Amino acid sequence: VLAVPVLFKKALESTEMEEGKSISLRCELTKADATVVWKKGEATLQASAKYEMKQKGTVAELVIHNAEPEDA
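Residues numbered from 1 in each chain as written. Predicted model: local features only at pLDDT ≥ 70, side-chain atom pairs only at ≥ 80, totals over all residues. Heavy atoms only, no water.

Going by the annotation in an unreviewed UniProt entry, the name recorded for the protein is OBSCN protein, with Urocolius indicus given as the source organism. Under the UniProt heading Subcellular location (unreviewed entry), the note attached to the protein is "Cytoplasm". (UniProt positions renumbered as here; feature names shortened; annotations may be inferred.)

Colleague: Give a detailed account of the nonpolar core, specifying residues and quantitative values.
Modeller: Of all hydrophobic cores here, the largest spans 12 residues; its members are Ile23, Leu25, Cys27, Leu29, Ala34, Trp38, Leu45, Tyr51, Ala60, Leu62, Ile64 and Ala67. Elements with a contribution of two residues or more to this core: strand E2 (23–29) and strand E6 (59–64). Of the residues forming this core, the biggest block, 4 residues, is contributed by E2. Sequence-distant contacts of Ala34, defined by excluding residues within four places in its chain, comprise Val6, Leu29 and Gln55. (Core = buried A, V, L, I, M, F, W, Y, C linked by side-chain atoms within 4.5 Å. Buried < 20%, exposed > 50% of the residue type's maximum accessible area, 1.4 Å probe, protein only. Helix = DSSP H or I, 4+ residues; strand = E, 2+ residues; numbered from the N terminus. Contact = heavy atoms within 4.5 Å.)

Colleague: Please give an account of the pairing of E6 that cites residues and values.
Modeller: Across the 6 residues of E6, 5 count as buried, placing the element largely inside the fold. Pairing analysis gives 6 bridges linking E2 to E6, with the strands arranged antiparallel. Bridge pairing links Cys27 to Ala60 in E6. Where strand E5 (residues 51–56) and E6 come together, 6 bridges link them in antiparallel fashion. Its bridge partner being in E6, Glu52 is matched across the sheet by Val63. Here E5 folds back onto E6 in antiparallel fashion, the turn holding 2 residues, of which Gly57 has a positive phi close to 60 degrees. (Pairing = 2+ DSSP bridges.)

Colleague: Talk me through the layout of surface pockets; I want residue IDs and the actual numbers.
Modeller: Quantified by volume, the largest pocket comes out at close to 320 Å³. What lines the largest pocket is a set of 17 residues, and nearest its centre among them are Leu25, Leu62, Ile64, Asp71 and Ala72. Contributions of two or more residues to the lining of the largest pocket are made by E2, strand E3 (39–40) and E6. Partitioning the lining of the largest pocket into residue classes produces 10 nonpolar, 3 polar and 4 charged. Looking at the second largest pocket, the residues that line it are Val6, Phe8, Leu12, Cys27, Leu29, Ala34, Thr35, Val36, Val37 and Trp38. Grouping the constituent residues of the lining of the second largest pocket by class yields 9 nonpolar, 1 polar and no charged. (1 Å grid on protein atoms, 1.4 Å probe; cavity = no way out; pocket = protein on both sides within 12 Å on 5 of 7 lines; lining within 4 Å. Points joined across faces, edges and corners; volume = space filled by probe spheres on them. Nonpolar A, V, L, I, M, F, W, Y, C, P; charged D, E, K, R; others polar.)

This is the structure we're talking about:
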């Protein structure tokens with residue numbers, strides 16, 4: 001049985017952020033509940049007070065709390 005690859009139905013878009021505020025980044029996948037790993041460069045982000053990961057169906061979301069210029 002061949003596995004169907006998971007693709008982006010709607011990719012991330014560039015978003016302006018305001019320092020000190022929260023920002024939400026979303027993408028939509030072709031397969032519900034696929035495993036999503038968020039990265040910044042080569043570093044994998046882990047859920048913390050700073051990074052909140054959510055996923056519902058085909059939509060994956062990363063919320064960055066207290067955004068700083070280093071989060072770009």
